[in-house]
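Survey of secondary and tertiary structure
Chain residues, written in single-letter form:
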Amino acid sequence: MSRSVETGSVLSPVTADDVDLAVRLAVGILRDAPAQGWGGKAGSLEWDCWETAEHVANDLFYYAVQLGPQRPPLDTHVPFALSRTRPDGPTVSLFADRDAGPAGLVQVLEACGALLVAMVRTTPPRVRAHHGAGVSDPEGFAAMGVVETLVHTHDLAEGFGLAWTPPSALCSRVLARLFPQAPGGADPWLTLLWATGRAELPGHPRLTTWRSDSTPRS
């Protein structure tokens, strides 16, 4: 169990259902994104909207496969090859087929989300696997998948000029799991944007660097 940064109350752990919800909400808004906007910048990122959505799909895939081996490595990631299409683009293991268009890209995102949902749902809680923010457990990988989906959908929504506000309870759970030192008292979604360097909070300027804590909680 984790404590809410907003109220101090005990929260339920982050689950596969939370990953499923985050991905479904993201897919829902991206299906309505204008086709001509996928080559534009995603919010404050240096990536375009296509690259950003592809990055989210890769994150979800990456988190899922870390939990896959019978003995997950603890000192480095499962060695899928990484590459990028341009020097400033995201580093990825898989690419969506450009000929399939935005609908195909969104389908790739949805499929990678389903992989993480399945792995979190079926992996025993005692399993540990490598992550750069700390060796983690299935709940930690679920929480990281939710955060990546929520905040990058924010970037995408900014790029497309769409409204995007995920559920407060979902934001509170991942804040408590990954950002236990985040300030309390503010809206959980705004606090999550602050914790990931995308917004200011009263008395807390926008972060220029940020890092989550994926280590298991008691």
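The paragraphs below set out a description of the structure included in this document.

Along the protein, the regular secondary structure elements total 6 helices and 2 strands. Listed by position from the N terminus, the elements making up the protein come as β-β-α-α-α-α-α-α. The globule rule puts the C-alpha radius of gyration for 218 residues at 17 Å, and the 17 Å found for the protein is close to it. Expressed as lengths along the three principal axes of its C-alpha atoms, the size of the protein is roughly 45 × 45 × 30 Å. Expressed as a percentage of the 218 residues in the protein, the buried residues total 53%. Considering only residue pairs separated by 6 or more positions, the protein has 67% of its internal contacts joining residues 24 or more positions apart. For the protein, the accessible surface area stands at approximately 10200 Å², while carbon and sulfur atoms represent 54% of it. Positive and negative charge centroids in the protein, built from 17 and 23 side chains respectively, lie 7 Å apart.

Let us look at the pattern of salt bridges. A complete count under the given rule lists 10 salt bridges for this structure. A salt bridge links D17 to R121; its shortest N-O distance comes to 2.5 Å. With D17 in helix 1 (residues 16-30) and R121 in helix 3 (residues 101-122), this residue pair connects regions lying 104 residues apart in the sequence. Here E110 and R31 are joined by a salt bridge, their closest N and O atoms 3.1 Å apart. On the criterion of sequence distance, the pair formed by E110 in helix 3 and R31 in the loop between helix 1 and helix 2 (49-66) is long-range, its members being 79 residues apart. Residue E110 is classed as partly exposed on the basis of its relative accessible area of 33%. Taking the relative accessible area as the measure of exposure, R31 reaches 55% and is therefore exposed. Taken together, the shared-partner salt bridges connect D137, E139 and R177 into one network.

What follows is about the environment of A129. Its location among the elements puts A129 in the loop between helix 3 and helix 4 (138-160). Placed 39 residues apart in sequence, A129 and S168 show a C-alpha to C-alpha distance of 28 Å.

The next thing to look at is the packing of aromatic side chains. Enumeration according to the criterion identifies 6 aromatic pairs in this entry. When the ring of W38 is compared with that of F160, the centres are 4.9 Å apart and the planes differ by 70°; the resulting orientation is edge-to-face. With W38 in the loop between helix 1 and helix 2 and F160 in helix 4, this pair connects stretches of sequence that are 122 residues apart. On the basis of relative accessibility, which here comes to 5%, the residue W38 falls in the buried class. Judged by relative accessible area, which is 10%, F160 ranks as buried. Centre to centre, the rings of Y63 and F141 are 6.0 Å apart; their planes meet at 50°, and the pair counts as tilted. In this pair, Y63 is assigned in helix 2 and F141 in helix 4, connecting sequence segments 78 residues apart.

Position of E51 relative to the elements: it lies in helix 2. With sequence-adjacent residues up to four places away left out, E51 is seen in contact with T85, R86, G89 and P90.

Thresholds applied
Residues numbered from 1 in each chain as written. Predicted model: local features only at pLDDT ≥ 70, side-chain atom pairs only at ≥ 80, totals over all residues. Heavy atoms only, no water. Helix = DSSP H or I, 4+ residues; strand = E, 2+ residues; numbered from the N terminus. Rg over C-alpha atoms; globule rule 2.2 N^0.38 Å. Buried < 20%, exposed > 50% of the residue type's maximum accessible area, 1.4 Å probe, protein only. Contact = heavy atoms within 4.5 Å. Areas by Shrake-Rupley, 256 points an atom, 1.4 Å probe, with all protein chains shown as cover. Lys, Arg positive; Asp, Glu negative; His and termini not counted. Charge placed at Lys NZ, Arg CZ, Asp CG, Glu CD. Salt bridge = Lys/Arg side-chain N within 4 Å of Asp/Glu carboxyl O. Phe/Tyr/Trp six-rings, centres within 6.5 Å; stacked < 30°, edge-to-face > 60°.

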